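Breakdown of the fold
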Amino acid sequence: MNNSTQVSIPERFKPQEIEIKWQNKWAQDQTYTPDLKRASKPYYNLMMFPYPSAEGLHIGNMYAFTGVDIHGRFMRMQGFDVFEPIGLDGFGIHSENYAIKVGRTPSEHAKISQVNFYRQLHQIGNGFDWSKSLETYDPDYYRWTQWIFVEMFKHGLAYRAKAEVNWCPSCKTVLADEQVIDSKCERCSSAVLKKDLEQWFFRITAYAQRLLQNTYKPQFNWPEKVKIGQRNWIGKKEGININYQIENSSETVNVWTSRPDTNFGATFIVIAVDHPLCQKIVTKEFSMKAKSYIRIAINKPKDIRLAEGRLKTGVFTGAYAINQLNGYKMPIWISDFVLMDVGTGAVVGVPGHDKRDFEFAHAMGIPIKRVVVGTDGDTSEITRIDQVQEEAGTMMNSGFLDGMYIHEAMIKVMDYLENKGWGKRVTVYHLRDWLISRQRYWGAPIPMIYCEMCASEGKSWFTSEEGRYVGQNPKSQISNPNDQKIGNWKLEIGNSMRSMVGWYPVPEAELPVLLPDVKDWKPTGTGEGPLASVERFYETTCPECFGRAVRETDVCDTFLDSSWYYLRYPSVRSFEDGKEKLDIETRNLEVLKNQEIKNSKIHDQKNPSSYFKKSEILPWEDDVTKKWMPIDSYIGGAEHTVLHLLYTRFTWMALKDWGFLKVGQPKKAEFDPDEPFKRFFAHGLIIKDGAKMSKSKGNVVVPDELIALYGADTLRTYLMFLGRFDQGGDFRDWGIAGMHKWLYRVWRLVTESGSSHQESSVAAKKTMAKTIKGVTQDIERLHYNTAIAKLMEFTNWWMDHKEGIDSTIIKSFLLMLAPFAPHMTEELWQQIRMLEVEREKLGNDSKNLDILRNQEIKKLRNQDQKSPNSNFKSIHKEPWPTYDPKLIIEDMVTIIVQINGKLRDSLSINHEDGQIQSIVEKLTLNSAKVRKWLGNYKIKKTIFVPGKLINFVI
RNA sequence: GCCAAAGUGGUGGAAUUGGUAGACACGCAGGUCUCAAAAACCUGUGGCUUCAAAAACCGUGAGGGUUCGAUUCCCUCCUUUGGCACCA
């Protein structure tokens, strides 16, 4: 450039050095550790915690966490006390299988992967509060998971019932759905069978109505598609249960239908292969055929049945049910397309108005009756599937319903059936109860004890002193103002009492039930979990009669672990200052020691009132919970938008109903305290080469190498630039270098102009004002990709106008870049601040500034990280930049000139004139271009949008 | 089959409520600097017609509609992705 030897050489951009330095500084400064008790503007920024897989954190996790972190950093700069915790959802089948594969126990493996995950989570540069991290396999955590199970039980929401599992006869073990491939075992390829097992369920259906209703409240700030997902899953349907008398029998068949309006067209009944009536009503003539059909159908795996498509099979029972409406004799069939666990396990067939019923009737030669006329007016007989009339219409061939529109007929016929005592209106839900039991090892043991002795006497916890006490005073535990919403509490208890004979929850003082270390376990061959072969685990004494008893050996579904973790974060036990969190082993020992002490006291606690006393000891601190709940923002993957969120909402509601949860109350109606999340946002997925990343496809990208090469700042910014945060993006390796180039350019622009101190030009101020406005709006909407684009636009402008940019503008720019590239911006920010301090001391003696600057940078770099710097204030705690709205108003506007809606010219005009149609019209019509296009045509119409557009219609 | 989301240059993607389609980037091409290379910087880059410029025309999965004007709203269809699945 010039001959001067004094030109300062910009400091090289060394992300690896800078990043570690600032991560340490932030930790020392506790930049991201809010005072949970004293925070004045709490903002709980929650992200879905990761499932620690074998490979470690992958780029998809990093994408999600970075997006959430940017939101958190933005809110912090808006003046909020942001709490952003992280943890590990570490129980579950994948960890268990992987551990088996590498020959470790799951807990050994968990320790290794925990170290790896936390290392990776540190290096991505998120503003995590590391003093509050948790792991679901930590006894200190699952103690409370078990406590929630116990409370579910005590409140009648946990019960046992039979449910089908996948069973591999060769491995003698239960398989998860995902371990079944083409109805064969993933490990040994033998055919998978179905097996009925007694399992634990949570009665989430008792909350179905409330879970549904809340989604319609205006405060329910979730994306529409996620709301729809929740509603469809709950799947509320109004219908009627009809009891049909079986001819020549004392039995009746009970059928639920949502279309009783078409009941005059019912010509048959179908019951499930495992319906109890199968044993009772089949006539001798048909019994052989029926038995063989049932035997084959009952073991037919689900996917084989699916592969057979809509092909309808079935057997006639020989029995008939009478349709009371018209006396029609409906043959009763048995078929595998009817499922026992849906509705009443029986269907009434109306083949004229249901395609599936038509297929069945058609295949079996059952008569088809038309009872509805659609808009096409077709009243002919229905002989082809495309004639099946499922849409709305008018009734015919339906006695007293004839001529009515179906909706009117629906009400009339339901009233009629109810009046006659033949049916009863019933609302059903697609939602089924939550299956908690897993016949596995790596999970929280279900904290229940079964006592054979008590069972033989018909006793259970519900007949114990404590159980009776709670049972008599349900209201003392439930603070639910709208009780009918959760169903009849006493009834639930009643239901549980009957099926729970012999069962006792592990006394709270004995929790946690520790998962024993097992070096080698084998399937028991009975369908029980691996713990069933660990004698020292399952052998115990009955809390009631002190006789020999056994523990439940199933473990909890991991969805239970993740249904309450956000409640634990703010109350995670802090260990002594300066001490690292205890590792699992040490903590296990600690808990064991406590348990010994507890065990010795356990049986002193026979006084029922102690139950209530103990309920004061909770997994959370009331004051902290009240301050931070409900969650301000929850962001997570779209794949969890149904199950995880539904279970979480249910757990929250239950804990709240029982009075365990003290929630912050809204001042107006800005949020709903009945819901755990004020706002939920679903981010998109990162794909690679057009497909979701998965190990089997071999397209998993690991962030470590990329961070080593480019630094976390580059990777973060690149990931956020790929596409809109709610839509995900396609990861390509070659794009990241471009992002690195840009950040380096920013580095150079800032360091090069660091020593200049001229005034900003008006143009620069305007450009920055526009940038602040745009970037702020984009970040608020989580449109990070366009926010980055706007910052890039600014740097492009900067390149051409270096002389007009002062440190105020540079600082605004760095503040906006800070959430994306937190390390680099911190470094540059601190350099500028030091320089400013020095400049104040020296006055504007520019001669020495370059030298000074280099000295300061050296100082900064070599700063002893251990010595606290009282002057330090992180860029991440600085307020977000603001702008003067007056600067946004452009002097000149561009008016688009259209003729018949096509762009023909544009006109630059000053802002005021651009608002006035007559001026714009006059100027436009003067333009030669426009005159050429108008020719001799007459202008029929002129459309004018002030400041934007004028359109002549000719 | 049902539910949800999406389809825009060679590529990833932009385009508040309908108002300049392709912002920003990647890639590519040409250039400056250099002995050379890298880095950096500059210029160009939807298609088509054209030596070029200017200009016109075509263009947001396909077809139709509403409108002065449609990537945006409506209808039909096709394709892709995710979820559920014989749900009575």
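None of these values were measured; they are calculated from a predicted model.

With respect to the overall build of chain A
Counting its secondary structure elements, chain A contains 33 helices and 34 strands. Taken over 954 residues, chain A has a buried fraction of 53%. Pairs at least 24 residues apart make up 75% of the contacts formed inside chain A by residues separated by at least 6 positions. When the accessible surface of chain A is split by element, carbon and sulfur atoms take 52% of a total near 44100 Å².

Observations concerning the packing of aromatic side chains
Considering all chains together, one arrives at 59 aromatic pairs under this definition. Judged by centre distance (6.0 Å) and plane angle (10°), the rings of phenylalanine 681 and phenylalanine 725 are stacked. Separated by 44 residues along the polypeptide, phenylalanine 681 in strand 27 (residues 680-683) and phenylalanine 725 in the loop between helix 25 (712-721) and strand 30 (729-730) bring together distant segments of the chain. Here the guanidinium or amino end of arginine 748 rests over the ring plane of tyrosine 744, the centre of that ring lying 4.6 Å away.

A short note on the pairing of strand 11 (residues 252-257)
Here 6 bridges tie strand 10 (residues 236-246) to strand 11, and the two strands are oriented antiparallel to one another. Along strand 11, the bridge assignment pairs isoleucine 240 with threonine 257. Between strand 10 and strand 11, which pair antiparallel one after the other, the connecting turn spans 5 residues, and asparagine 248 there sits at a positive phi close to 55°.

Some details on unusual backbone geometry
Look at the link from leucine 511 to proline 512: it is a cis peptide, with omega at 0°. For proline 512, the position within the fold is in the loop between strand 22 (503-505) and helix 17 (535-538). Not every positive phi belongs to a glycine, and asparagine 248 is a case in point at roughly 55°. Relative to the assigned elements, asparagine 248 resides in the loop between strand 10 and strand 11. We classify asparagine 248 as exposed; its relative accessible area is 78%.

Digging into the confidence of the model for chain A
Residues with a pLDDT of 70 or more make up 83% of chain A, whose mean pLDDT is 81. The least confident element of chain A is helix 21 (residues 609-614), whose mean pLDDT is 33; the most confident is strand 2 (residues 81-83), at 97. Under a pLDDT of 50 for its full length, residues 1-10 has, in the predicted model, 6 contacts with residues more than four places off or in other chains. Scored below 50 in pLDDT, residues 864-868 shows 6 contacts in the model against residues more than four places distant or in partner chains. Predicted complex, confidence summary: ipTM 0.93, pTM 0.86.

Looking at the protein's contact with RNA strand B
Not every one of the 53 residues close to RNA strand B is listed here, only the nearest: Lys237, Lys312, Leu339, Arg356 and Asn951. When the atoms of RNA strand B within 4 Å of the protein are sorted by group, sugar and phosphate make up 66%. Within the contact set of RNA strand B, a sugar or linking oxygen lies 3.0 Å away from a backbone nitrogen or oxygen of phenylalanine 337. Within the backbone of leucine 339, one N or O atom sits 2.6 Å away from a base nitrogen of RNA strand B. Residue assignment for the surface near RNA strand B shows that the elements contributing at least two residues are helix 7 (224-234), strand 11, helix 26 (736-753), helix 28 (784-800), strand 31 (892-899), strand 32 (902-910), strand 33 (941-945) and strand 34 (949-953). Examining the composition of the surface near RNA strand B, we find that 7 residues originate from one element, helix 28, more than from any other.

Brief notes about the side chain of asparagine 785
Tracing the backbone shows asparagine 785 in helix 28. Asparagine 785 gets classed as buried once you look at its relative accessible area, which sits at 15%. Excluding its chain neighbours within four sequence positions, the residues that come into contact with asparagine 785 are Met720, Phe721, Gly723 and Arg724.

Considerations on the sheet that holds strand 5 (residues 158-168)
Reading across the sheet, the 4 strands line up as 6-5-9-19 and stay open at both edges, with antiparallel pairing between neighbours. The open sheet is flanked by strand 6 (173-175) and strand 19 (434-435), the only strands paired with a single partner. Pairing between strand 5 and strand 6: 3 bridges, direction antiparallel. The residue bridging tryptophan 167 from the neighbouring strand is valine 174, located in strand 6. Packing of helix 5 (residues 139-154) onto the sheet brings it into contact with strand 5 and strand 9 (193-202), and relative to strand 9 it is tilted by some 85°.

Notes on helix 2 (residues 59-77)
Between its first and last C-alpha atoms helix 2 spans 26 Å; for 19 residues at 1.5 Å apiece the expected length is 27 Å, and the two agree. Judged by how many residues are buried, helix 2 sits mostly within the fold: 19 of 19 residues are covered. Following helix 2 by one or two positions, glycine 79 has its phi on the positive side, about 100°.

Things to note about the side chain of glutamate 827
As for its placement among the helices and strands, glutamate 827 is situated in helix 30 (residues 822-842). Judged by relative accessible area, glutamate 827 falls into the buried class, the value being 5%. For glutamate 827, the side chain forms a polar contact with the side chain of tryptophan 22, separated by 2.8 Å.

A look at the sheet that holds strand 21 (residues 448-450)
One open sheet holds the 4 strands; their spatial order is 22-21-24-23, and the pairing between them is antiparallel. Only two strands of the sheet have a single partner each, and these edge strands are strand 22 and strand 23 (539-541). Going across the sheet, the axis of each strand differs from the next one's by a mean of 40°, ignoring polarity. Bridge count between strand 23 and strand 24 (residues 548-551): 3 bridges; the pairing is antiparallel. Note on strand 24: the bridge partner recorded for glutamate 539 is valine 550. Lying on the sheet, helix 5 is in contact with strand 21 and strand 22; it crosses strand 22 at an angle near 130°.

Considering the pattern of salt bridges
One side chain can pair with another of opposite charge once the charged atoms of both are near each other. Applying the stated criterion across every chain, the model contains 33 salt bridges. A salt bridge links aspartate 674 to arginine 210; the shortest N-O distance between them is 2.9 Å. Residue aspartate 674 is located in the loop between helix 23 (643-657) and strand 27, and its partner arginine 210 is located in helix 6 (residues 208-214); the two are separated by 464 residues in the primary sequence. Exposure remark for aspartate 674: the relative accessible area of 7% places this residue in the buried category. Residue classification places arginine 210 among the buried positions, given a relative accessible area of 2%. As a salt-bridge pair, lysine 656 and aspartate 674 come within 3.1 Å of each other at their nearest N and O atoms. In this pair, lysine 656 is assigned in helix 23 and aspartate 674 in the loop between helix 23 and strand 27, connecting sequence segments 18 residues apart. For the pair lysine 656 and aspartate 674, a shared accessibility class is recorded, and that class is buried.

A look at the environment of leucine 431
Assignment of secondary structure puts leucine 431 in the loop between strand 18 (423-429) and strand 19. A relative accessible area of 4% places leucine 431 in the buried class. Sequence spacing of leucine 431 and glutamine 230 is 201 residues, and the spatial spacing of their C-alpha atoms is 9.9 Å. Those residues in contact with leucine 431, other than ones at most four positions away along the chain, are Ile204, Thr205, Ala208, Trp233, Ile234 and Leu646.

Parameters and conventions
Residues numbered from 1 in each chain as written. Chains lettered and ligands numbered in written order. Predicted model: local features only at pLDDT ≥ 70, side-chain atom pairs only at ≥ 80, totals over all residues. Heavy atoms only, no water. Helix = DSSP H or I, 4+ residues; strand = E, 2+ residues; numbered from the N terminus. Buried < 20%, exposed > 50% of the residue type's maximum accessible area, 1.4 Å probe, protein only. Contact = heavy atoms within 4.5 Å. Areas by Shrake-Rupley, 256 points an atom, 1.4 Å probe, with all protein chains shown as cover. Phe/Tyr/Trp six-rings, centres within 6.5 Å; stacked < 30°, edge-to-face > 60°. Lys NZ or Arg CZ within 6 Å of the ring centre and 35° of its normal. Pairing = 2+ DSSP bridges. pLDDT = per-residue confidence, 0-100. Near = heavy atom within 4 Å. Polar contact = N/O pair within 3.5 Å; in protein donor to acceptor, adjacent residues only side chain to side chain. Axes fitted to C-alpha atoms, helices over the stretch in contact; angles between N-to-C directions. Expected span 1.5 Å × (residues − 1). Salt bridge = Lys/Arg side-chain N within 4 Å of Asp/Glu carboxyl O.

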